[in-house]
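# Architecture and fold: a report
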Amino acid sequence: MSAPAFSLPLDQIAYDERGLVPAIVQDYLDGTVLMMAWMNRESLQKTLETGRTWFWSRSRQELWPKGETSGHVQWLKSIRYDCDSDALLLSVQQVGRIACHTGERSCFHRHGALGEQIEPPPADTLSQLYDVICQRRDRPQPDSYTCSLFAAGDNKILKKLGEETVEVVMACKEDDPEAIAAEAADLFYHLLVALAHHKVPLHQVYEQLQLRRR
Ligand SMILES: N=c1c2ncn([C@@H]3O[C@H](COP(=O)(O)OP(=O)(O)OP(=O)(O)O)[C@@H](O)[C@H]3O)c2ncn1[C@@H]1O[C@H](COP(=O)(O)O)[C@@H](O)[C@H]1O
C-alpha cells in the first residue's frame, strides 16, 4: 500500500521537555478511542512518511511501529493537533481491529472503566448500542427485551424488522418529524439486533458505506 501524503508543521508541535507529545488514536469509522501513546518528532515524521503509526517507547527508549509483532498495523487516515499544539489526534484504520496488547479492541476497554461503569469506550451512538446488544446476545439476562428477541429467534427478529420498517414508512407518509425520528430509532435498534443475530459487525457495514463514499 503506498502511503498517502500527509503534512504537518513538525516544528510547530509543542513537544514536552522530553521531546514527546501525547497521541490519541481513534478508529476512523466509529470514533472508538483505541489507545494513547507518545510520539517524538522522529516518530511523527515516520508516521507522516509511511502512512502508518510509529510511536516512541518510553520504557525501551526506541521508536516502535504499531503492529510490528502482532500485525495489527494502524493505517493513518488523518492527523491533527489541538489548539495549543501539545496533543495529537490520529484517525486510523486498525488492521485486525485489536489495538491493545491484552487482545481488546481498545486499550480503554470496559474492564478498565473507573467505578462501576460498564459503558464501552467512546464511540458513536449506534456502535455503543450495537455493543450492548451483543453483550445481551452473549450474556442473556432476565427482563431484557433484547434477550427475549434473541431467545425467540430469527423469525421474530425479522418480523420486528419488517414491522418497524413499515412504521417508518407510515410516519414518513404522515410527514411527522417527531414520529419519523422515533420510528427510525426503533428501526435502527431492530436492524442492529438482526446484525448481531447474524454475527455481522456494525463496523463491516461502516466499511461498506466508506467504500461507496464519493
Ligand atoms: N434502543 C432500544 C430499543 N428501541 C426500541 N426498543 C424496543 O422495541 C420495541 C418496539 O417494538 P413495538 O413498538 O412493536 O413494541 P412492543 O409491542 O413492546 O413489541 P413486541 O411485543 O411486539 O415485540 C419496544 O419494546 C421497545 O422498547 C428497544 N429496546 C431496547 N433498546 C436498547 O437496547 C439495549 C438493551 O436493552 P434491554 O433490551 O432492556 O436489555 C439498551 O441500551 C436499550 O436502551
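Residues numbered from 1 in each chain as written. Predicted model: local features only at pLDDT ≥ 70, side-chain atom pairs only at ≥ 80, totals over all residues. Heavy atoms only, no water.

As annotated in an unreviewed UniProt entry, the protein chain is Histidine biosynthesis bifunctional protein HisIE from Parathermosynechococcus lividus PCC 6715. As stated in UniProt under Subcellular location (unreviewed entry), the record for the protein chain gives "Cytoplasm". (UniProt positions renumbered as here; feature names shortened; annotations may be inferred.)

### Examining the overall build of the protein chain
A count of helices and strands for the protein chain gives 6 helices and 6 strands. Reading the protein chain from its N terminus to its C terminus gives the helix and strand order β-β-α-β-β-β-β-α-α-α-α-α. Expressed as lengths along the three principal axes of its C-alpha atoms, the size of the protein chain is roughly 60 × 35 × 35 Å. Within the protein chain, buried positions represent 38% of all 214 residues. A sequence separation of at least 24 residues applies to 52% of the contacts in the protein chain between residues at least 6 apart. (Helix = DSSP H or I, 4+ residues; strand = E, 2+ residues; numbered from the N terminus. Buried < 20%, exposed > 50% of the residue type's maximum accessible area, 1.4 Å probe, protein only. Contact = heavy atoms within 4.5 Å.)

### Looking at the domain arrangement of the protein chain
Structurally, the protein chain comprises domain 1 (20-118) and domain 2 (125-212). Here domain 1 and domain 2 have C-alpha centroids that lie 31 Å from each other. Contacts between domain 1 and domain 2 engage 7 residues on the former and 7 residues on the latter. At the boundary of domain 1 with domain 2, total buried surface from both sides reaches about 670 Å², with 55% on carbon and sulfur atoms. Put simply, domain 1 and domain 2 have 1 residue pair in polar contact (both at pLDDT 80 or more) between them. Split into classes, the residues belonging to the side of domain 1 that touches domain 2 amount to 2 nonpolar, no polar and 5 charged. (Domains from an automatic or database assignment. Buried area = accessible area lost by both parts, 1.4 Å probe. Polar contact = N/O pair within 3.5 Å; in protein donor to acceptor, adjacent residues only side chain to side chain. Nonpolar A, V, L, I, M, F, W, Y, C, P; charged D, E, K, R; others polar.)

### Focus: the pairing of strand β1 (residues 21-27)
Only one face of β1 is covered, namely the one carrying V21, A23, V25 and D27; the face carrying P22, I24 and Q26 has none of its residues buried. Relative to strand β2 (residues 33-39), β1 runs antiparallel, the two sharing 6 bridges. Looking at the pairing, I24 lines up with M36 of β2. Following β1, the chain reverses through 5 residues before pairing antiparallel with β2; G31 in that reversal takes a positive phi of roughly 80°. (Pairing = 2+ DSSP bridges.)

### Concerning the packing of aromatic side chains
Given two aromatic rings, one states the distance between the centres and the angle between the planes to describe the pair. By the definition in use, this model includes 2 aromatic pairs. Taking 6.2 Å as the distance between ring centres and 35° as the angle between the ring planes, the aromatic pair formed by Y145 and Y189 counts as tilted. Of the two residues, Y145 is situated in helix α3 (residues 145-152) and Y189 in helix α5 (residues 177-197); the sequence distance between them amounts to 44 residues. Taking relative accessible area as the criterion, Y145 reaches 41% and is therefore assigned partly exposed. Y189 sits in the buried class, given a relative accessible area of 14%. Between R18 and the ring centre of W38, over which it is positioned, the NZ or CZ distance is 4.7 Å. Just above the ring of Y28 sits the side chain of K77; from NZ or CZ to the centre is 4.8 Å. (Phe/Tyr/Trp six-rings, centres within 6.5 Å; stacked < 30°, edge-to-face > 60°. Lys NZ or Arg CZ within 6 Å of the ring centre and 35° of its normal.)

### Notes on the site of the ligand
Close to the ligand lie L129, V132, R136, S144, Y145, T146, K156, K160, E164, D186, Y189 and H190. The contact in question runs from an oxygen atom of the ligand to an N or O atom on the side chain of E164, over 3.3 Å. Here the ligand loses 55% of its free accessible area of 830 Å² to cover by the protein chains. Elements supplying a minimum of two residues to the shell around the ligand: α2 (125-138), α3, α4 (154-173) and α5. Partitioning the shell around the ligand into residue classes produces 4 nonpolar, 3 polar and 5 charged. (Near = heavy atom within 4 Å. Areas by Shrake-Rupley, 256 points an atom, 1.4 Å probe, with all protein chains shown as cover.)

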